[in-house]
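# Chains, contacts and geometry: an overview
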Amino acid sequence: MSECFSEPKLSLFGRIPPRTPGRSDAQVPRDAELGPARYARIAHLYFYEAADAGDAAYGLLDIEISLQRRRNGEVWLEAFCVGDGYQSGCGSGTRHPLVFELRSGERTLATAEWKYPEVLCGHFDPMTFATKTSLSPSDFESADQIYLPSIMAVAESCMGAPAAFGGPEAH
């Protein structure tokens, strides 16, 4: 096992992209009819070995994030991504969750933590997350960006990884 870190990521909220041939549809929000929504996308978030910052252990790709004010006044955060287990390691957010900071300018309005599932060695698996936030309807209106701060993680090498992480012993 080795300690890893991610680099911070920032994306501005905008409109949900329209459907078009040649590009997959937005995966979040799950149901756009439930209320007005904002959308952001982060191309990738990789976890790099602390001992060798050039070595990506595993990653999360095409992170789509939506913030939606539902008809009942609740504000929900939803996320979709693909776990990239084709790097040197595997891991999960069980002990070190991914943190979403919902911001208005430099001010953090609310945070949410995602204990994302295992990114398995040799897999490219979709992952989803949804949680009710503490945002008020007026905070929803002012939220303009999503920030993912740098976090620590623990990765295990894909060489000799236990079956739980999809390593060779799983086959």
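The structure this text deals with has already been given above.
## Details of the state of the cysteines
In this structure the tally under the stated criterion is 1 disulfide. Covalently, Cys121 is tied to Cys158 through a disulfide, its sulfur atoms 2.1 Å apart. Its S-S torsion of approximately -95 degrees makes the covalent link between Cys121 and Cys158 left-handed. Of this pair, Cys121 sits in the loop between β8 (107-114) and β9 (124-132) while Cys158 sits in the segment after β11 (152-157), placing them 37 residues apart in sequence. Considered together, Cys121 and Cys158 belong to a single accessibility category, that of buried residues. The closest cysteine sulfur to the non-disulfide-bonded Cys4 is located on Cys90, 10 Å from its own sulfur. We note that Cys81 lacks a disulfide partner, and the nearest cysteine sulfur, in Cys90, lies 16 Å from it.

## Examining the sheet that holds strand β2 (residues 9-12)
Spatial ordering of the open sheet is given by β2-β10-β7-β8, a layout of 4 strands whose pairing is antiparallel. Taken across any chain shown, the strands that pair with only one partner, and hence form the sheet edges, are β2 and β8. With strand direction ignored, the average angle separating the axes of adjacent strands in the sheet is 20 degrees. Both strand β7 (residues 98-104) and β8 contribute to a ladder of 7 bridges, which runs antiparallel. Looking at β8, one finds that Leu102 is bridged to Ala110.

## Some thoughts on the side chain of Gln145
If you trace the backbone, Gln145 turns up in strand β10 (residues 145-148). For Gln145, a relative accessible area of 9% translates into the label buried. Within the structure, the side chain of Gln145 is placed 3.5 Å from the side chain of Asp144, a separation counted as a polar contact. In this view, Gln145 contacts Leu10, Ser11, Leu12, Phe13, Glu101, Leu102, Arg103 and Gly105; residues no more than four positions away in its chain are not counted.

## Focus on the pattern of salt bridges
Going through the model one piece at a time under the given rule, you end up with 7 salt bridges. The partner of Lys132 in a salt bridge is Glu74, with the nearest N and O atoms 3.7 Å apart. With Lys132 in strand β9 and Glu74 in the loop between β4 (56-69) and β5 (75-84), this pair connects stretches of sequence that are 58 residues apart. On the basis of relative accessibility, which here comes to 48%, the residue Lys132 falls in the partly exposed class. Within the structure, one salt-bridge network assembled from shared partners comprises Arg38, Arg69 and Glu141.

Cut-off values and rules
- Residues numbered from 1 in each chain as written.
- Predicted model: local features only at pLDDT ≥ 70, side-chain atom pairs only at ≥ 80, totals over all residues.
- Heavy atoms only, no water.
- Disulfide = S-S within 2.5 Å.
- Helix = DSSP H or I, 4+ residues; strand = E, 2+ residues; numbered from the N terminus.
- Buried < 20%, exposed > 50% of the residue type's maximum accessible area, 1.4 Å probe, protein only.
- Pairing = 2+ DSSP bridges.
- Axes fitted to C-alpha atoms, helices over the stretch in contact; angles between N-to-C directions.
- Polar contact = N/O pair within 3.5 Å; in protein donor to acceptor, adjacent residues only side chain to side chain.
- Contact = heavy atoms within 4.5 Å.
- Salt bridge = Lys/Arg side-chain N within 4 Å of Asp/Glu carboxyl O.

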